[in-house]
Structures are given as C-alpha cells and as structure tokens.
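Single-letter residue listing:
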Amino acid sequence: MDFSKSKELHNEALEHIVGGVNSPSRAYKGVGGGTPVYMEHAKGAYFWDVDGNKYIDYLGAYGPIITGHAHPHIAEAISYAAKNGVLYGTPTRLENKFAKILKQAIPSLEKVRFVNSGTEAVMTTVRVARAYTGRNKLIKFSGCYHGHFDSVLVEAGSGPATLGTPDSAGIPESVASDVITVPFNDLEAFKAAMERWGNQIAGVLVEPIVGNFGIVEPEAGFLQAVNTITHDAGALVIYDEVITAFRFTYGSAQQVYGIEPDMTAMGKIIGGGLPIGAYGGRKDIMEQVAPLGPAYQAGTMAGNPASMAAGIACLEVLQDVGVYEKLNDLGKRLEEGILNQASQYDIPISVNRLCGALTVYFGSGRISNYEQAEASDGDAFAEFFRLMLEQGINLAPSKFEAWFLTTEHTEADIDQTIEAAGKAFRTMAS
Ligand code: PLP
C-alpha cells in the first residue's frame, strides 16, 4: 500500500499542530509510532485515505460511530440543522425532545443536562456529587479512562487504600490526593478503600462495562456490591457510560445488569458523530446544578441544534428492530473467526466481546482487570495492527482499545477481516 500522501500531510501537520494530531492516541504511539493514515472520506463501514486506499473501519471514531459513517438519516438531520441555524444560545424544542428520548431509554435519568464532550459530562457529575455530599474524595478504578480533567488523570497509590498521584504534568498533588484508585473487579480492594475513606467519599466513578483497557465486563455481583457499599457510606455511584450508553443495547450498561447508579455521564454515540456529552440522574441530586442549585456548569455550545438533531437521528436508527441482534451476530462471527485463525497458527490470543464490540489481546489467559490487560503483548498487537492496516483493515492503534462494529458492516466485511487476520497470524508465526 502507498501511504505517501499521508506522510506528506503528516510532515505538514507536525509543523503546525502539536505532535501532528489533535488527540494523542491518533499519533500511533500505542503501536510504536510512524505515520498515521490520513482519511479523506468515509461511508458506511468504509474509509478511503488520501492515497486512495480503502479500509474496513473498526475504529468507529473510538466509539461514537455505531450506525456507520455518513448514515443518510443522520446526514439529513445535520443538513437540516445547518440550514436552520446551528447555534442559537436559546433553548430549543430539540433539547426537550432529546431529553425525553434519553429519559425513556435510561430510567435512572430523572433529569438531564447536555454538554459538549464526555470529559465535561463526567467532570460535572463529580462536581455535583461533591456539592450534594459536601465531601471531596473520589474513588475510581485503575485503567478506566474518564476524560482529561484533573481529578481523573490520577494514578493509583501504592495500595488500595492509599491516595493517588498525578498521572499528567500540570495536575496539583492536592487534586490527586482527593482520588483513590482501586483495581476493577477487585471487591476486597474496594472494600479496603471504603473502610479507610468511606465517610470522606463523595462519589465512586465506575465504567460499568470497561471500554478503556479493552471490553471488560464486571464479574457477577461486583456492581451490586459497589452500589451497596457506596450507599452505606453515604456516597454516590456515578456511572461513566460515555462508551457504553447505546453500545450494547438500546439504553445503557446499567440496564444490561439491572442496576441503577445515582448519576450517569454519557457522550459518543448519543451525538451521532457530532460533539456531545450529557449527564443526568436522580432529581434531588441534579437539582444541585445551576440555575436551581449551587453547583455551576454552563456551555455556549451545550444543547446546540446540530448535535441534538444528529443525536436524535442516531437513536432513531438504533430503535429499528434487530439492530443489536445484528451487531451481536456480526460480533460473534468475527470473534469466532479470529479465534479460529489464531489457533491454526498457534498464536495465543484471547477475545473479550460483548455484542458488537470486542478486544483481541495477545497472550494467554482471561482479561478481567487492567493489570492483566497491561501484561498482554503490545509488540505482537503492534505487528498485527500494521499487518491488518496493509490489508485494508483499520483498527484502533492501541492494544487497549476496542473494535467497534456498526450496523453497516456486512458478513462479507467480517469474512474479509477474518481472512486478513489469518494472513497476519501466518506472517507473525513465520
Ligand atoms: N469516559 C469514557 C469512558 C471514555 O471512553 C471517554 C473517551 O474516550 C471519555 C469519558 C471522555 O470523552 P470525550 O473524549 O468525549 O471527552
């Protein structure tokens, strides 16, 4: 494959844009560096790059794209919004309509608020939890990504009950010292942290199904226990459903397990590909937010007509009969095909999959926490990534990311991908 135009554009980008990219994971650092591919256009399950190469896309823009690129129903909604004025700074009907749709789909949302990104949504839930409880400390789980605001760019201390340390330059120790990070799926560690800090905890931030060290489900009873222990301590449970809302079912991960948090943050899919975030939860908690309450949150772009229209259109497509069944069937076909190819060439992999999202880990053993995901073979993944790219299969450039299927992928796309994986494994085995 020829990538010369991508290379040219990347050299230009390096002169003008810091690191050449507008979000670090796009720089291919997770697969040993090199030139990222510059895409020109996208339709359905496919990308075409600036050199004219075609790809089957499994990046899904890191999660938002579930109905395929340039879906006609969403495109029509966006173009209507464009012609009608994209930003008013006043309330609109669309915001009411969308709020009602979200509330109907996710019953724990008694009140919602729209923002512009997943980061903003999660950040505000943390602020609101602090306002509601009058406490400052936060518990989160290691390896889970919650956006790039200060409180969540914090690493674990030396044990489950120890305070965190900054995970990025520019984050004050004082902020990190309000955050405790414990391993996901480790109830004993969570209990130890709650025993030590419980009466100072404002909120426990949970990705109910992890999407950020691959797709990792909670073990049986884990989420229920987290809820009970957190509530017993007078703290709030916050679900970060930025990836999971509408990914596995029409609704959220909380419905997959039949368990409700106090607040939920969303983003990605609910914007139909345009910038969006939303948060919501129990009415008495949400009433902490301005203009009703003392917790401030605002946004010039929040609830803008274009994002509202795209999000509503996306959820309309997802309400079609059979959407999630199709995603599950395709996901199962892909998982089984890849496992089968890997075993033919004796490449040790494991696959975590739920519905139309999966992660392929190189190495043996089941992955249920970050430590195990981190121990998976990154060099093998990087080689696989490049071998797949060369065959027109676009994966996320990191061993920690998920492959996201869309309603536009076909069985033929899946079979082509399995065949490409077989060739990649054969090369890796030789
Ligand atoms: N929460 C989770 C679970 C995410 O995966 C992400 C982004 O990947 C975020 C929050 C932050 O969302 P955004 O990138 O829209 O700010």
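Residues numbered from 1 in each chain as written. Predicted model: local features only at pLDDT ≥ 70, side-chain atom pairs only at ≥ 80, totals over all residues.

Novice: Break down the overall build of the chain for me, citing the residues and quoting the values.
Specialist: Check the secondary structure of the chain and you find 14 helices and 16 strands. Taking 430 residues into account, the globule formula puts the C-alpha radius of gyration at 22 Å, and the chain, at 21 Å, falls close to it. For the C-alpha atoms alone, the extent of the chain along its principal axes is close to 60 × 55 × 45 Å. Of all 430 residues assigned to the chain, the portion counted as buried reaches 48%. Intrachain contacts of the chain at a sequence separation of at least 6 include 73% that bridge at least 24 residues. (Helix = DSSP H or I, 4+ residues; strand = E, 2+ residues; numbered from the N terminus. Rg over C-alpha atoms; globule rule 2.2 N^0.38 Å. Buried ≥ 20, exposed ≤ 12 C-beta atoms within 10 Å, placed from the backbone. Contact = placed C-beta atoms within 7 Å.)

Novice: If you had to explain the packing of helix 11 (residues 323-344) against helix 14 (residues 411-429) to someone new, which residues and values would you point to?
Specialist: The contact between helix 11 and helix 14 brings their axes to 9 Å, and the two run at 20°. With respect to helix 14, the axis of helix 11 lies roughly parallel. Of the two possible hands of crossing, helix 11 and helix 14 adopt the one that is right-handed. In this structure, helix 11 uses Leu330, Arg333, Leu334, Gly337, Ile338, Gln341, Ala342 and Gln344 to contact helix 14, whose residues at the interface are Glu411, Ile414, Thr417, Ile418, Ala421, Gly422 and Phe425. (Axes fitted to C-alpha atoms, helices over the stretch in contact; angles between N-to-C directions. Parallel < 35°, antiparallel > 145°, perpendicular 65-115°, else oblique. Left-handed = near helix turned anticlockwise from the far one by under 90°.)

Novice: So, the site of the ligand: which residues are in play, and what are the values?
Specialist: Surveying the vicinity of the ligand reveals 15 residues, the closest of which are Ser117, Gly118, Thr119, Gly147 and Val242. Broken down by element, the shell around the ligand gets its largest block of residues, three residues, from helix 4 (residues 118-133). For the shell around the ligand, the class distribution of residues is five nonpolar, eight polar and two charged. (Near = placed C-beta within 6 Å. Nonpolar A, V, L, I, M, F, W, Y, C, P; charged D, E, K, R; others polar.)

Novice: Tell me about the domain arrangement of the chain, and please be specific about residues and values.
Specialist: In terms of domain boundaries, the chain breaks down into domain 1 (4-70 + 321-429) and domain 2 (72-318). On a C-alpha basis, the centroid separation for the pair domain 1 and domain 2 is 26 Å. Contributing elements (two or more residues each) for the side of domain 1 that touches domain 2: helix 11, strand 13 (349-354), strand 14 (357-362) and helix 12 (370-375). The greatest single-element share of the side of domain 1 that touches domain 2, amounting to four residues, is contributed by strand 14. In terms of residue class, the side of domain 1 that touches domain 2 is made up of 17 nonpolar, seven polar and two charged. (Domains from an automatic or database assignment.)

Novice: How would you explain the UniProt feature "modified residue: N6-(pyridoxal phosphate)lysine" (unreviewed entry) in the chain if you had to name every residue and give the values?
Specialist: According to UniProt, the feature "modified residue: N6-(pyridoxal phosphate)lysine" (unreviewed entry) maps to Lys268 in the numbering used here. Inspection of the secondary structure assignment puts lysine 268 in the loop between strand 11 (263-267) and strand 12 (277-281). Among the residues examined, lysine 268 registers 27 C-beta atoms within 10 Å and is labelled buried. Once residues within four sequence positions are removed from consideration, lysine 268 is found in contact with Gly63, Pro64, Gly118, Val242 and Ile243. (UniProt positions renumbered as here; feature names shortened; annotations may be inferred.)

Novice: Which residues make up the sheet that holds strand 13, and what values do they have?
Specialist: The three strands are arranged 13-14-16 in an open sheet whose pairing can be described as antiparallel. A single partner strand is all that each edge strand has here, and the edge strands are strand 13 and strand 16 (403-404). For strand 13 and strand 14, the ladder comprises six bridges, and the chain directions are antiparallel. Across the sheet, residue arginine 353 finds its bridge partner in strand 14, namely leucine 358. Of the strands in this sheet, strand 13 and strand 14 are in contact with helix 11, which crosses strand 13 at around 175°. (Pairing = 2+ DSSP bridges.)

Novice: If you had to explain unusual backbone geometry to someone new, which residues and values would you point to?
Specialist: In this chain, alanine 290 is followed by proline 291 through a cis amide linkage whose omega measures 10°. Within the secondary structure layout, proline 291 lies in the loop between helix 9 (283-286) and helix 10 (305-318). Even without being glycine, asparagine 185 reaches a positive phi, approximately 65°. Within the secondary structure, asparagine 185 sits in the loop between strand 8 (179-182) and helix 6 (187-197). A positive phi is found at cysteine 355, a non-glycine position, where the angle reads about 50°. Among the residues examined, cysteine 355 registers 21 C-beta atoms within 10 Å and is labelled buried.

Novice: Break down helix 10 for me, citing the residues and quoting the values.
Specialist: With 14 residues, helix 10 should cover 20 Å at 1.5 Å per step; its first-to-last C-alpha distance of 20 Å lies within 8% of that length. Counted residue by residue, helix 10 has eleven buried out of 14 residues, so it is predominantly covered. All of the buried residues along helix 10 are Pro305, Ala306, Ser307, Met308, Ala309, Ala310, Gly311, Ala313, Cys314, Leu315 and Leu318. In this structure, the buried residues of helix 10 make contact with helix 2 (72-84), helix 3 (93-105) and helix 11. (Expected span 1.5 Å × (residues − 1).)

Novice: How would you summarise the nonpolar core if you had to cite specific residues and measurements?
Specialist: In terms of nonpolar packing, the biggest core is built from 124 residues, with Ile238 and Ala278 touching the most fellow members. Per-element tally for this core: the top contributor is helix 10, with eight residues. Residues lining this core come from more than one domain, with at least three contributed by each of domain 1 (4-70 + 321-429) and domain 2 (72-318). When sequence neighbours within four positions are dropped, the list of residues in contact with isoleucine 238 reads Thr125, Ala129, Gly203, Val204, Leu205, Val206, Pro261, Asp262, Met263 and Ala265. (Core = buried A, V, L, I, M, F, W, Y, C linked by C-beta atoms within 7 Å.)

Novice: Go over the sheet that holds strand 2 (residues 46-49), please, and point to the residues and values.
Specialist: Strand order in the open sheet formed by four strands is 1-2-3-15, with mixed pairing between adjacent strands. Single-partner strands in this sheet number two, and they are strand 1 (39-43) and strand 15 (393-394). Where strand 2 meets strand 3 (residues 54-57), three bridges bridge the pair, whose relative direction is antiparallel. Each bridged residue has a counterpart across the sheet, and for phenylalanine 47 the counterpart in strand 3 is tyrosine 55.

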